[in-house]
Amino acid sequence: MAQQSQITDRSSSNKPSDNLQKRAVVSSLIFTFPDGESSKPKVALFRRSDKVRTYRHHLAPISGSIDPTDKDPLTAAWRELHEETTLTPTNLTLWRVGKPFTFGDLSVNREWTIHPFAFKLKPPSQGGQGEAAIKTDWEHESWEWHDPDSVIDDENFGGVPRLHETLRRVWFECEMDEHAGEALAAGLKRLREDHESGAHELTAIALTTFREVIEQTHGRIDETWWWMVRMAAWHLVKNGRENMGAATLNALLSVLVAMDEILNQTTDNGQKRDRMLSAIDFHLANRKANTARVKDAFTSYIQSAFLGTESKRDRITMLTLSSSSTIRDSILDAFASLDIRTLELRILESRPLFEGASLASSIYSRFKSEFGSIPNKNLDIKVYTDAAAALAAQNVDIVLLGADRICSSKGVSNKTGSLPIVLSAKHVTPNAKILVLSELEKVVGDDGILEDKVEDNDPGEVFSAWRNERVKGTQVLEDSSTGFKTDQENSATIEVKNIYFEWVPLMLVDAFVSDEGVLDETIIENKSQQLGKLASKYFDDL
């Protein structure tokens, strides 16, 4: 019997895999870009030795079981890569995460759940060793580079079952129109590398990218096309900036709902595509109105909470570290429209990228150019070092946070440093209001789309700040820090952590102000449930 005839889908109506042994595994594909990252890559496939239990002498990615002790599938992927090839983050960069899928193989009595990953091999120009760093263990008898387009699920190719299915979930270019694939890849790269924009701007980038993908797809709009489009949306959520992906997930799901309705209309492909593009344009335009409503709600909250009819205040003091455009614009617009003479704005510097300093500069410049002529308006900006959070929180009226996610079960995910500010304010100024200012689209549910994982970013950003300040010992730390250690290595290790986000529990927040007004936990929970249902509808069957 041919190999492929023994392969079954989990969704098969007779469920032939129910009695198979279930195994969750990671499958890591290593890519190299011999002519530069703008060119087409090659993918490494490893021929399994006769010492392994299954699929001997077949071409495969680096694979292995997910152990109960693994924190997540990515942890298992890094472990297997190191064990089977000696590769570590010194020579590899995580590039893309693929949508997991399940199938049964009767020939080995297994039901496999595959978690695909794509890694880029660092050339010497990026501090790596290139392919010289790959040293295989006993599980492989050889390895070789392949053109991704040549990898097929065919017995004559000699690959493990569903090799192409694994590949296409991280190398989507193999099935998309050329220009559509290029647009999606470029959009993902832009999202990943943008560490300055807030979630609102990143969502606009994601929607614009999605629009370009739709515009560049050709041919019949059918079930295959719809699968590809939904997978493109999934990639924009998971492989852009996942920790800031709540707004992107909400926006793309709203667009998919509109596209789904158009999909069933009795019109030709050209008209359907045009209407879908118009739906995306409408959503992009409507986002500006949402931002205006957030500003209005913020102004109303300050008016009711601090400027009641019984007392009149001459001054209000706010503390923030968030550099989102929503907060930046809302602060000044509210100040301009309220009967307050002086706004004292305290901003933490936000290391290692110092967005706080940029935020202070931006607000100051905008105030001078747009509001400086308003009589009896004074803006007093004070920039504090991050270590002075408790001092900055003394006698403040409002601690103002943005939100990258709002979850009824976890709280508010925002820039690292948010929790120390809140706790400091609760201690030194108990009457201060802890206020989260965010669009409703930042609400997420426990739907499994956005993982609650630490976004541990490049420690080079921290080293760069230290080098610029000529901090003693920086070179020792940099030389000794690899970011990946095993139990067999040195007992003395150094690891520099550059974590961007943390959770603030809901119980510490006094008010959530959004484009729909002041939210309560019931509204957040209802929104979470609605989002979970839509995510399940459009992504579960991919």
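Rules used throughout
- Residues numbered from 1 in each chain as written.
- Predicted model: local features only at pLDDT ≥ 70, side-chain atom pairs only at ≥ 80, totals over all residues.
- Heavy atoms only, no water.
- Salt bridge = Lys/Arg side-chain N within 4 Å of Asp/Glu carboxyl O.
- Helix = DSSP H or I, 4+ residues; strand = E, 2+ residues; numbered from the N terminus.
- Buried < 20%, exposed > 50% of the residue type's maximum accessible area, 1.4 Å probe, protein only.
- Pairing = 2+ DSSP bridges.
- Axes fitted to C-alpha atoms, helices over the stretch in contact; angles between N-to-C directions.
- Contact = heavy atoms within 4.5 Å.
- Domains from an automatic or database assignment.
- Polar contact = N/O pair within 3.5 Å; in protein donor to acceptor, adjacent residues only side chain to side chain.
- Nonpolar A, V, L, I, M, F, W, Y, C, P; charged D, E, K, R; others polar.
- 1 Å grid on protein atoms, 1.4 Å probe; cavity = no way out; pocket = protein on both sides within 12 Å on 5 of 7 lines; lining within 4 Å.
- Points joined across faces, edges and corners; volume = space filled by probe spheres on them.
- UniProt positions renumbered as here; feature names shortened; annotations may be inferred.

What about the pattern of salt bridges?
Here is step 1 of the chain: Scanning all chains against the criterion turns up 35 salt bridges.
Here is step 2 of the chain: Asp-510 serves as the salt-bridge partner of Lys-426, at 3.9 Å between the closest nitrogen and oxygen. Here Asp-510 lies in the loop between strand 17 (501-504) and strand 18 (511-514) and Lys-426 lies in helix 11 (residues 418-428), a separation of 84 residues in the sequence.
Here is step 3 of the chain: In this structure Lys-426 comes out as partly exposed when scored by relative accessible area, which is 31%.
Here is step 4 of the chain: Under the relative-accessibility criterion, Asp-510 is labelled partly exposed at 39%.
Here is step 5 of the chain: The closest approach of N and O atoms between Arg-467 and Glu-478, which form a salt bridge, is 2.8 Å. Of the two residues, Arg-467 sits in helix 12 (residues 460-468) while Glu-478 sits in helix 13 (residues 474-480), which places them eleven residues apart along the sequence.
Here is step 6 of the chain: With relative accessibility at 39%, the residue Arg-467 sits in the partly exposed group.

As for the sheet that holds strand 14 (residues 405-407)
Here is step 1 of the chain: Strands sit in the order 14-15-17 across an open sheet of three strands; the sheet is antiparallel. The outermost strands of the open sheet, each flanked by one partner alone, are strand 14 and strand 17. The average angle at which neighbouring strand axes cross in this sheet is 25 degrees, direction not considered.
Here is step 2 of the chain: The sheet strands contacting helix 11 are strand 15 (411-415) and strand 17, and the helix crosses strand 17 at an angle near 35 degrees.

A look at the domain arrangement of the chain
Interfaces are often described in size by the accessible area the parts lose on coming together.
Here is step 1 of the chain: Here the chain is described as being made up of domain 1 (21-170), domain 2 (174-291) and domain 3 (313-442 + 502-509).
Here is step 2 of the chain: Between the C-alpha centres of domain 1 and domain 2 the distance comes to 28 Å.
Here is step 3 of the chain: Counting from both sides, the interface comprises nine residues of domain 1 and, opposite them, nine residues of domain 2.
Here is step 4 of the chain: Applying the counting criterion to the domain 1 and domain 2 interface returns one salt bridge.
Here is step 5 of the chain: Between the two partners, domain 1 and domain 2, sit four residue pairs in polar contact (both at pLDDT 80 or more).
Here is step 6 of the chain: Put simply, the parts of the chain that give the side of domain 1 that touches domain 2 at least two residues each are strand 6 (92-97) and helix 2 (163-168).
Here is step 7 of the chain: Per element, the largest residue contribution to the side of domain 1 that touches domain 2 is three residues, and it comes from strand 6.
Here is step 8 of the chain: Among the residues forming the side of domain 1 that touches domain 2, the class breakdown is two nonpolar, two polar and five charged.

Thoughts on empty space enclosed by the protein
Taking a probe equal in size to a water molecule and rolling it over the atoms shows the remaining empty space.
Here is step 1 of the chain: Summed over the entire model, instances satisfying the criterion amount to four cavities of 30 Å³ or more.
Here is step 2 of the chain: Each pocket or cavity is described by its volume, and for the largest cavity that value is around 320 Å³.
Here is step 3 of the chain: Residue lining of the largest cavity: 27 residues in total, with Gly-198, Met-244, Ser-323, Asp-404 and Phe-501 positioned closest to the centre.
Here is step 4 of the chain: Those elements giving two or more residues to the lining of the largest cavity turn out to be helix 4 (199-216), helix 8 (325-337) and strand 15.
Here is step 5 of the chain: Lining the lining of the largest cavity are residues from two domains, each supplying at least three of them: domain 2 (174-291) and domain 3 (313-442 + 502-509).
Here is step 6 of the chain: Roughly 80 Å³ of volume is contained in the second largest cavity.
Here is step 7 of the chain: Top element by residues in the lining of the second largest cavity is helix 5 (residues 223-238). It accounts for five residues.
Here is step 8 of the chain: In the lining of the second largest cavity, the residues fall into seven nonpolar, one polar and two charged.

So, the UniProt feature "domain: Nudix hydrolase" (unreviewed entry) in the chain
Here is step 1 of the chain: When the UniProt feature table is mapped onto this chain numbering, "domain: Nudix hydrolase" (unreviewed entry) sits at residues 21-168.
Here is step 2 of the chain: Secondary structure within residues 21-168 divides into 13% helix and 37% strand; the distance between the first and last C-alpha atoms comes to 25 Å.

Some words on the pairing of strand 2 (residues 21-32)
Here is step 1 of the chain: Alignment of strand 2 against strand 8 (residues 110-121), held across eleven bridges, turns out to be parallel. Pairing of Ala-24 across the sheet is with Thr-113, part of strand 8.
Here is step 2 of the chain: Sheet topology note: the strand 2/strand 5 (residues 62-65) ladder contains four bridges and is antiparallel. Bridging from a neighbouring strand, Val-25 pairs with Ser-65 of strand 5.

Here we look at the layout of surface pockets
Here is step 1 of the chain: When its volume is computed, the second largest pocket comes out at roughly 570 Å³.
Here is step 2 of the chain: What lines the second largest pocket is a set of 28 residues, among which Arg-48, Thr-54, Ser-63, Gly-64 and Trp-112 lie closest to the centre.
Here is step 3 of the chain: Where the lining of the second largest pocket is concerned, the elements lending two or more residues are strand 2, strand 5, helix 1 (73-85), strand 8 and helix 2.
Here is step 4 of the chain: No other element matches strand 2, which puts four residues into the lining of the second largest pocket.

A look at the sheet that holds strand 12 (residues 378-384)
Here is step 1 of the chain: Strand order across the open sheet formed by seven strands is 12-11-10-13-16-18-19, with mixed pairing between neighbours. The sheet is open, and its two borders are formed by strand 12 and strand 19 (517-519), each paired with just one other strand. Along the sheet, successive strands turn relative to each other by an average axial angle of 30 degrees, direction set aside.
Here is step 2 of the chain: By the bridge criterion, three bridges tie strand 18 to strand 19 in an arrangement that is antiparallel. Within strand 19, the residue paired with Ser-514 across the bridge is Gly-517.
Here is step 3 of the chain: Of the strands in this sheet, strand 10 (315-320), strand 11 (342-348), strand 13 (398-401) and strand 16 (433-437) touch helix 11, which is tilted by about 165 degrees from strand 13.

So, the environment of Thr-85
Here is step 1 of the chain: On the secondary structure map, Thr-85 appears in helix 1.
Here is step 2 of the chain: Judged by relative accessible area, which is 0%, Thr-85 ranks as buried.
Here is step 3 of the chain: Sequence separation between Thr-85 and Thr-209 is 124 residues, and the spatial gap between their C-alpha atoms is 35 Å.
Here is step 4 of the chain: In this structure Thr-85 touches Phe-46, Ile-62, Glu-80, Ala-133, Ile-134, Lys-135 and Thr-136, once residues within four positions along its chain are discounted.

What about the side chain of His-146?
Here is step 1 of the chain: Here His-146 is to be found in strand 9 (residues 140-146).
Here is step 2 of the chain: For His-146, a relative accessible area of 13% translates into the label buried.
Here is step 3 of the chain: Separated by 2.8 Å, the side chains of His-146 and Glu-144 make a polar contact.
Here is step 4 of the chain: Contact partners of His-146, with chain neighbours within four places excluded, come to Lys-42, Val-43, Leu-45, Leu-59, Val-151 and Phe-157.

Things to note about the side chain of Lys-238
Here is step 1 of the chain: With respect to the helices and strands, the residue Lys-238 is situated in helix 5.
Here is step 2 of the chain: A relative accessible area of 8% places Lys-238 in the buried class.
Here is step 3 of the chain: Within the structure, the side chain of Lys-238 is placed 2.8 Å from the side chain of Glu-242, a separation counted as a polar contact.

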